[in-house]
Structures are given as C-alpha cells and as structure tokens.
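Here's the letter readout for the chains.
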Amino acid sequence: MNAKTDSSPLPLKRRRFLGSALAAGVGGMALTPALLAQSRRSRTQDDDSNRISPEDSDKQGRIPSPYTTPFVEPLPLPAIKTPVDALYPAPTKSAGPYEAGRLPHQAWERWPVKQGNFYELHVKEAYHSFHPELPVQKIWGYDGTFPGPTFLARSGTPMLVRIYNDLPANHVGFGSPEITTHVHNAHTASESDGFPDDFYSATKHGPGLSRPGRYKDHHYPNVPAGYHPILYPKGNLEECLGTMWYHDHRTNFTAANVYRGLAGFFLYLDDIDSGDEEDPNEGSLHLPSGINQHDIPLLFDDKRFDSSGYLYFNQFDNEGIPGDKFCVNGKIQPYFEVARRKYRFRMLNGAVLRFFELYLTYQDVDQHFDYIANDGNLLPECLDADHVRIMPAERGDIVIDFSKYPVGSKLYLVNRLEQLDGRGPTNQLLMPGTPVLRFDVTREPPKPDTSQVPAMLRKLSPVNLAMVKRERHIRLERENGVWVINGKIYDGEKPLFTCKRGELEKWTFQNSSGWSHPLHIHLDEGRIISRNGKPPPLHERGRKDMYELRPEEELSLVIRFADFTGKYVVHCHNLVHEDHHMMIRFDVV
C-alpha cells in the first residue's frame, strides 16, 4: 500500500528548531563524531546491548527482527509496590538537602501524607528477557523491572513517592540518564507532575529545577478534581480516576527512555470501583477484582530488534519506525492461563508511536466482551464491544467472561490495525491480523464467581456549554519537516497561554499535518463535544485525557483545570513527535 502524502510545508513562523536528537545527541550530551563512533562500536568491544544500530539510516529497507516462537512464555504480572516505614531524610514541603531543586509542595498542608503511604522508587539499569530466543539485555526500569511495579492508590489517601535516579551517568546508546517522572492522567500539582524540563540526576538538572539531586519527592494527593471545603470536601466524586500509568517525560528523550523500559501502572480505587468484588458497601460495582488475580494490567507495546537480537531504536529519526514485535508486559506474545469466570483487563497502549485495534477471537470467530472504561475513567454505561482501538497512552478496560468457554479453550487478542510508519495507522484492517496475547482456559474457578458488570457504571453530569468562559484554537502542523503547535516548537520556559483555575474552557484542535496525532493534556481531563462537527462515539463520551486527531480532523472539547496552579504541557503522545518539539507549555493561575 502506498504511503500517505504529507501536507504542503509552510514557512516556520519562528526559526528556533533545536534539533533535539541531533543537537542533544547520546545521553543528553552534544553529538560529536567521537561520540557517534563510540555509539556504533561493535558489541564485542562494548557490552552495552542498547546501542544505535548501523541499520538505523535504512528506513526503506528495514531489516526485520529475528524470528521468535509465539506463546512460549507466560504473561508476567508487575509486582504491586509496597510502602516503606519511613524515608530518610524525612520529606519536607520544600526540597530536602540531597533532593533536586523543585518548588515547594503546594498541597502539603491540605493533604498531608500519613504513615504507611511513603514509597521509594529506584530508576536503574537491569537485565531483561523479552523472549527466550533473544539475548538477555539491558533495559532501564523502575526498580529495575519492565514494566515497573504497580502502584495502588485509594481516592482520598495522599501518598509521597521518592524517586531515586540510579541510572549510569555515562551510558552508551540511546536515551538520557536524566529523568522526570509523570503519572499520566493524575490530578497533581505542577511540581510533582513530571514537567519535561524538571529532569535531574546527581550531577545535572533541567532548566525547570534549581539544582541536581539524587532523588525527587512527588506528592500525590489522590483526590478527585474540584475540591471545595463545603460542596466537595473529597473532591468531585464524578472525577474519580482508575487506570493510569507512569513513565519518564524527559525533554527530547521521552521516546527513547520509555522505549528502554521506563513505564508502569498507577491504579486508583474508590468506593464505587473498590477493587473488591465482594465489597458489602452500598454503591460498589463489584467488578472482577484482585490486582494480578482477576484484575489484570496489560501494557501493550511494540519493539524492533537488530540482527543480533538486541533492542534497536533510532534516536535521530523525527518520524519514527514502528516495531515488528508485539509485547505484553515486556514479553513477546505471551500466554495467560485463566479460570472459567470473569476477568477485568486494564489495557494500556504503552507504545512510542503504534496504534492498536485489538479483537478477541475464539476458533477464528470474533467474540464480544464488556467495555467498561476508557482512559482513566469508568464509562457512564457498559458497552458491548468486539474490539478496542487504543492510541499511544490511551487505556481501555474490558471484562471477558471465560465461563462461556470449556476448559481447554484457547482465545486470542489479535491486532488488526495496519501501521507502516510513524504517520499513524492506515486504518486498513488486516485479516486475520497478528495474535498478541493468548488466553488458555485451564480450570474451573475454586469458588463461584460473584463479580458483576452493571449496565450503569459511573454517573456523569451533562456538559453545560453556557459555563464556557474562553475558547482556544490549537493547530497541529508540520512546517518544513518540523512538528509545531500553533506554528511554534516547544519552549519550556515560556507558556503559550495561561488558564484561570476553575474556569471552563472550550478547546478546538485542528490537525492539518497529514499525520495522526494522539494528544494529551496534563493536569485534568476534558469532555469531547464534537469530532468533525458530529457527536463522538460512545466510548469517547466519558472523561478523557487522550484525544486522537486523524489527518484533517477537527475535535472540540471542554476542560476545567482545578485545585492547582503552575506549569503544565499539551503534547503529541507519539513520543517521537513530542521529542521533536510537538509540545506546548501552558500555565494555570
């Protein structure tokens, strides 16, 4: 199939192209011929398994990854993160003596962290196996694992996470050893949001911080947006969150650092979505529960490996190359054994640029399931579905009832969405597609399945457009090969616009770039009111933090930023586009 043609280039309104990959180079240092030569040394000279491959420049004749046998390893389940008794030195409102130089925690007094809610997370290099037929190789991981450990947060219970940077300072290969961690979709104060320029290591820091540090403390109130001391002392409960994730967000190197493994789940529970299918409390939905038991996080992504079987990434390509190996929770095409009962699957597209459209098949026939949540939110009503389309960073929660299938059955999640390059999917469906995950029905449940999937899930009030105080128009463009928003590349030191806290705004995005862009807005969620002048599909009618903009599309949404002030960003979550400056800063005052 022929590739799509790009839209006509336009002159740059402000010529400030920074050349993020070429200017910053390997590991955040200036690129020199010596460094480039060092990054391309043979593996016999240097044991780093994540270096730039010589095949990087050959985009049209890409060498495929080595063959791997599907479904030979079980699905790994990320460990649940446990708190520590105490942190030393003790956390404080302002940055501690060994901490990166952040601003004071603005919600420190309103939502104090109590004993039992302190966590310590170490970002470090470790060894990982993607498949037994490929070499064990180095990754970067939270606590040295990919995915990182799963955080379980309860609405109304603040926590503090101390994130240590233990990465090697002078690594060879793609990525940057300075980090900044963003909990995607969290309602979080700016100083804990993982702003792209707030990156740090023990010896370096970004322009958003005042000094380097071994660690940085992140204060997460875990309170729904819309706090009011009288009306909403626990926040607006319609704004409760669910399936979220955390990942690195370092300016110019987000794609490379996430591709190396810096991603994990961050899940919220509340009185409605309580995580207990036997919850006696009135109002609980009794959804299938038990994280890593009947409530399963699934991180989907794609990888590409060189001819020796080592992870391959081109730091210097501003368009991006899709992988040809599909991974779930860090394993290539694993299998998962299930009992004959209902399971909830929290599906996250953690890929750098690939879109997925996943179908459930049994004996080559598409199956139906319950679609209960999109992005970090339960939908107002349960949907009957036979597929889930998820753009990069988007989430979709589904419930599959395996009691319909006899013991010995095998079902498959199959990706059918064609994507040839970084432009986005062609929107052609491939038949039969590529099986990504196999479900093996191996046993009867040890006790009766009492979980439920109610028709009505989380209440959602209608949008009142009469409350809109301001309208904004945001253009997504490609000018002379450079990604821009409203004609500008990213400037982390200057906001493109300022929003007033608590006011409802209407934003209209227009995509004239000829490429697909998965847009993400930090701090709070929006409600889509129209897509190309028409109402959005049912699964997009809840609260969202990810917005797919296909070529020549126009999308309007309403959004209100509550509770916190400071600097935030809007960016394309095709992380290659983000790293090449398709991002803007906005401030909330």
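In this text the structure is predicted, and so the values were computed from the model without any measurement.

Asker: Can you help me understand the nonpolar core in this one?
Answerer: Nonpolar side chains in soluble globular proteins generally cluster together in the buried interior. Of all hydrophobic cores here, the largest spans 34 residues; its most connected members are Leu298, Phe300, Phe336, Phe345, Phe402 and Phe439. When neighbours within four sequence positions are excluded, Phe336 is seen to be in contact with Leu75, Leu77, Ile296, Tyr343, Phe345, Leu437, Arg438, Phe439 and Asp440.

Asker: Please clarify how the sheet that holds strand β30 (residues 554–560) should be interpreted in this entry.
Answerer: Strand pairing in a sheet takes place through backbone hydrogen bonds and is either antiparallel or parallel in direction. Across the sheet, which stays open at both edges, the six strands sit in the order β23-β22-β25-β30-β27-β28 with mixed pairing between neighbours. Two strands close off the open sheet at either side, each with one partner strand: β23 (482–485) and β28 (543–544). Looking at chain direction, strand β22 (residues 468–479) and strand β25 (residues 504–511) are connected through eight bridges and run parallel. Each residue of the ladder has a partner; that of Arg470, found in β25, is Glu505.

Asker: It is not clear to me how the pairing of strand β13 (residues 342–349) should be interpreted in this structure. Could you clarify?
Answerer: A regular strand places its side chains so that they alternate between the two faces of the sheet. With eight of eight residues buried, β13 lies mostly within the body of the structure. With burial as the criterion, each face of β13 is covered, one bearing Lys342, Arg344, Arg346 and Leu348 and the other bearing Tyr343, Phe345, Met347 and Asn349. Here six bridges tie strand β9 (residues 295–303) to β13, and the two strands are oriented parallel to one another. Bridge pairing links Ile296 to Phe345 in β13. Sheet analysis places β13 next to strand β19 (residues 395–401), joined by seven bridges and oriented antiparallel. Note that in β19 the partner of Arg344 across the bridge is Val399.

Asker: Can you walk me through empty space enclosed by the protein in this structure?
Answerer: In this approach the atoms are scanned with a rolling probe the size of a water molecule, which exposes any empty space left behind. A full pass over the atoms with the stated rule returns 12 cavities of 30 Å³ or more. Each pocket or cavity is described by its volume, and for the largest cavity that value is around 160 Å³. In this structure, the largest cavity is lined by 14 residues; those nearest its centre are Tyr259, Phe313, Ile321, Pro322 and Leu353. Classifying every residue of the lining of the largest cavity by side-chain character gives eight nonpolar, three polar and three charged.

Asker: Looking at this model, I keep getting lost on the pairing of strand β8 (residues 263–269). Mind explaining?
Answerer: Where burial is concerned, most of β8 is hidden: seven out of the seven residues are buried. Residues of β8 alternate between two faces, with Ala263, Phe265, Leu267 and Leu269 on one and Gly264, Phe266 and Tyr268 on the opposite face, all of them buried. Across five bridges, strand β3 (residues 148–154) lies against β8 in parallel orientation. Its bridge partner being in β8, Ala153 is matched across the sheet by Tyr268.

Calculation notes
Residues numbered from 1 in each chain as written. Predicted model: local features only at pLDDT ≥ 70, side-chain atom pairs only at ≥ 80, totals over all residues. Heavy atoms only, no water. Core = buried A, V, L, I, M, F, W, Y, C linked by side-chain atoms within 4.5 Å. Buried < 20%, exposed > 50% of the residue type's maximum accessible area, 1.4 Å probe, protein only. Contact = heavy atoms within 4.5 Å. Pairing = 2+ DSSP bridges. Helix = DSSP H or I, 4+ residues; strand = E, 2+ residues; numbered from the N terminus. 1 Å grid on protein atoms, 1.4 Å probe; cavity = no way out; pocket = protein on both sides within 12 Å on 5 of 7 lines; lining within 4 Å. Points joined across faces, edges and corners; volume = space filled by probe spheres on them. Nonpolar A, V, L, I, M, F, W, Y, C, P; charged D, E, K, R; others polar.

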